[in-house]
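Structure at a glance
Chain by chain, the residues run as shown.
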Amino acid sequence: MNVKEYIESGILEAYVLGTLSENECAEVAANVAQYPELAAEVIAIEDSLLHLAKEDAKAPPSFMKDKIWDALSDEEEEVVVEQPVQASKQVPLPQEPAKPSWQRAAIWAAVLVSVVTNFMLLSQRNESREQRDVLAARVDSIAAQQQQLVATLNTYKKEKDMLADPGMQTIIMRNEADAAPAGMVYWSKEKGDAYLALHKLPMPPKGKQYQLWVIQDGNPVDMGVIDNDMVQKEGMMMKIAANIKSGQAFAISIEKEGGNPTPTQVYMVGAI
Amino acid sequence: MAASITYTEQELISLLKQKSKQGFDYLYENYSAALFSIISRIISDEQTAQDVLQEVFVKVWKGIDKYDSAKGRLYTWMLNLARNTSIDKLRSKGEIMKGKIQNDEATVYDNSNLKTEQEINTIGLRDTVAGLEPQYQVIVELAYFKGFTLDEISKTIDVPLGTVKTRMRKAITMLRTHYKN
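Please read all numbers here as calculations on a predicted model, not as lab measurements. (Residues numbered from 1 in each chain as written. Chains lettered and ligands numbered in written order. Predicted model: local features only at pLDDT ≥ 70, side-chain atom pairs only at ≥ 80, totals over all residues.)

1. Quick word on the overall build of chain B
Broken down by element type, chain B carries nine helices and zero strands. Reading the helices (α) and strands (β) of chain B from amino to carboxyl end gives α-α-α-α-α-α-α-α-α. For chain B, the residues scored as buried account for 39% of the 181 residues in total. (Helix = DSSP H or I, 4+ residues; strand = E, 2+ residues; numbered from the N terminus. Buried ≥ 20, exposed ≤ 12 C-beta atoms within 10 Å, placed from the backbone.)

Below is the structure:
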């Protein structure tokens, strides 16, 4: 590099006057560090500006000295007072336009900790909520199961009472086709209560339903149709709604949906 | 009083690092006028200039640990601090930017360049270097006291970049000659 030309170009003046871009500045600074002649020239240029400033010196008003010293002392006090423990006290108000960078760092750290903590608490709370919802759902399902169990238990109790009743008769109904036992009726003549239990009854053809009859004095009396739902629940007992005080036989026939006034296709019969 | 003592730059720096009152007294006695002068050149409002002076002292006080003597002298560092703080203050008030925009537009109209120079002449280096011709004064003024970049100066006064630099060189050389005498 031609140092003399470099100096003559005025780049050093542009540098000292602060008119260069960051990149240019770095470039000149590197050259200045490398060549002592350039460094000397820079100092000479700076000196001329220092002279200019000094010659033109304009003393600030006398009160400024104490005012500035107070400001500096305040800065110092802040530094002394500002222990980490008390950081939270210092956080709320942005007082001075310029705070020490570590103090800012402390504030940011406090803010960050607070944000992170809040976030953690929030997510914990959400998590607990979810857990609570899961537990609530579980409790609900347990309660439902319990209700079912109670219902089943009551049914069994009734069946037990019914079976324990000495006046209860058992009527076995047999399939008309092969005489195999296909259903039972428990009947208490005195009380008129009757219960029906079905065993492995096939589902009726589509559009058909089973219908229960009691034969009184040679005539079939309608006891109502049997729900297909009931047919599926093998072994379940169904209380017969009507009060039956007399009869010679129970029978089940296959009828059209909703039932017929008289049986058309008898499926099973059990004599009393 | 501090006035009777003379500290070297190194001594002053270590006093400042200790945050000593002596250090402050010395700094204030010897540098406040020069700093205030440069601030006042950039900022015309007296109250704002005083605020900036205080800000500069606070920056020196707090930044002394970061000051690197290898990168320049303390005085230069402080003057640049004063200059940059002042220019930042002006910028934050939008004054300089307004001026720049106007000047960019003004390059279209020849006569407004003249106006810029005239304005600057009245507030520039008139007391100090009477001999400095307006074409040099304006460059020092825009660069040092208004924070314009080389490119902006070139556009503002409608002179090529290279010429701006050589005029800078000439202006500073004149100042140097002046102070040698």
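2. A closer look at the overall build of chain A
Each helix and strand in chain A was counted, giving eight helices and eight strands. A burial count over chain A gives 18% of its 272 residues as buried. The contacts of chain A with a sequence gap of at least 6 include a subset with a gap of at least 24, amounting to 50%. (Contact = placed C-beta atoms within 7 Å.)

3. A short note on the interface of chain A and chain B
Taken residue by residue, the interface counts 38 residues in chain A and 36 residues in chain B. In terms of residue count, the dominant contributor to the side of chain A that touches chain B is helix 4 (residues 36–55) of chain A (11 residues). Partitioned by chemical class, the residues of the side of chain A that touches chain B number 20 nonpolar, seven polar and 11 charged. (Nonpolar A, V, L, I, M, F, W, Y, C, P; charged D, E, K, R; others polar.)

4. Observations concerning the packing of helix 7 (residues 134–145) of chain B against helix 8 (residues 150–157) of chain B
All names here are of chain B. Between helix 7 and helix 8, the least distance of the axes is 10 Å, while the angle of their chain directions is 135°. When the interaxial angle is binned, helix 7 and helix 8 end up oblique. Judged by the sense of rotation from one axis to the other, the crossing of helix 7 with helix 8 is right-handed. Here Val-138, Ile-139, Leu-142 and Ala-143 of helix 7 come into contact with helix 8, specifically with Ile-153, Thr-156 and Ile-157. Residue composition of the contact of helix 7 with helix 8, grouped by class: six nonpolar, one polar and no charged. (Axes fitted to C-alpha atoms, helices over the stretch in contact; angles between N-to-C directions. Parallel < 35°, antiparallel > 145°, perpendicular 65-115°, else oblique. Left-handed = near helix turned anticlockwise from the far one by under 90°.)

5. A look at the sheet that holds strand 3 (residues 194–198) of chain A
Residue and element names in this part refer to chain A. Spatial strand order, 5-4-7-8-1-2-3-6: eight strands in an open sheet with antiparallel pairing. Either end of the sheet is taken by a strand with one partner, and the two such strands are strand 5 (219–226) and strand 6 (237–239). Averaged over all neighbouring strand pairs, the angle between strand axes comes to 25°, with direction disregarded. Sheet topology note: the strand 4 (residues 208–216)/strand 7 (residues 249–256) ladder contains eight bridges and is antiparallel. Bridging from a neighbouring strand, Leu-212 pairs with Ile-252 of strand 7. (Pairing = 2+ DSSP bridges.)

6. A few points about helix 2 (residues 21–42) of chain B
In this model, helix 2 of chain B (22 residues) spans 29 Å end to end at C-alpha, consistent with the 32 Å of a helix rising 1.5 Å per residue. Of all the bends in helix 2 of chain B, the greatest measures close to 50° and is centred on Tyr-31 of chain B. (Expected span 1.5 Å × (residues − 1). Bend = angle between axes of the 7 residues up to and from the residue.)

7. A few points about unusual backbone geometry
Residues and elements named next belong to chain A. Here the phi dihedral of Ala-179 falls at roughly 65°; this positive angle occurs in a residue that is not glycine. In this fold, Ala-179 is placed in the loop between strand 1 (168–175) and strand 2 (181–188). We classify Ala-179 as exposed; it has 10 C-beta atoms within 10 Å. The residue Asp-217 is not glycine, and still its phi comes out positive at about 55°. Within the element layout of this structure, Asp-217 appears in the loop between strand 4 and strand 5.

8. Details of the nonpolar core
If you look at the biggest cluster of nonpolar residues, it comprises 60 residues, and the most contacted ones within it are Leu-35, Ile-39, Ile-139 and Ala-143 of chain B. Broken down by element, this core gets its largest block of residues, 10 residues, from helix 2 of chain B. In contact with Ala-143 of chain B, not counting residues within four places along its chain, are Leu-17, Gly-18 and Thr-19 of chain A together with Phe-148, Ile-153 and Met-168 of chain B. Judged by nonpolar contacts, the second largest core, of 22 residues, contains Val-185, Leu-212, Ile-240 and Ala-251 of chain A. (Core = buried A, V, L, I, M, F, W, Y, C linked by C-beta atoms within 7 Å.)

9. Some words on the pairing of strand 8 (residues 265–271) of chain A
Residues and elements named next belong to chain A. Sheet analysis places strand 1 next to strand 8, joined by two bridges and oriented antiparallel. Looking at the pairing, Asn-175 lines up with Met-268 of strand 8. Pairing between strand 7 and strand 8: six bridges, direction antiparallel. Pairing of Ser-253 across the sheet is with Val-266, part of strand 8.

10. What to know about the environment of Thr-19 of chain A
Looking at the secondary structure, you find Thr-19 of chain A in the loop between helix 2 (11–16) and helix 3 (22–34). Apart from the residues within four sequence positions on either side, Thr-19 of chain A is in contact with Ala-14 of chain A together with Ala-143, Phe-148, Thr-149, Leu-150 and Ile-153 of chain B.

11. Regarding the environment of Tyr-144 of chain B
By the element assignment, Tyr-144 of chain B lies in helix 7. For the pair Tyr-144 of chain B and Ile-38 of chain B, spaced 106 residues apart in sequence, the C-alpha separation works out to 9.4 Å. The residues touching Tyr-144 of chain B, leaving out its near neighbours within four places in the chain, are Leu-17 and Leu-49 of chain A together with Arg-83 of chain B.

Shape descriptors only; they carry no functional weight alone.
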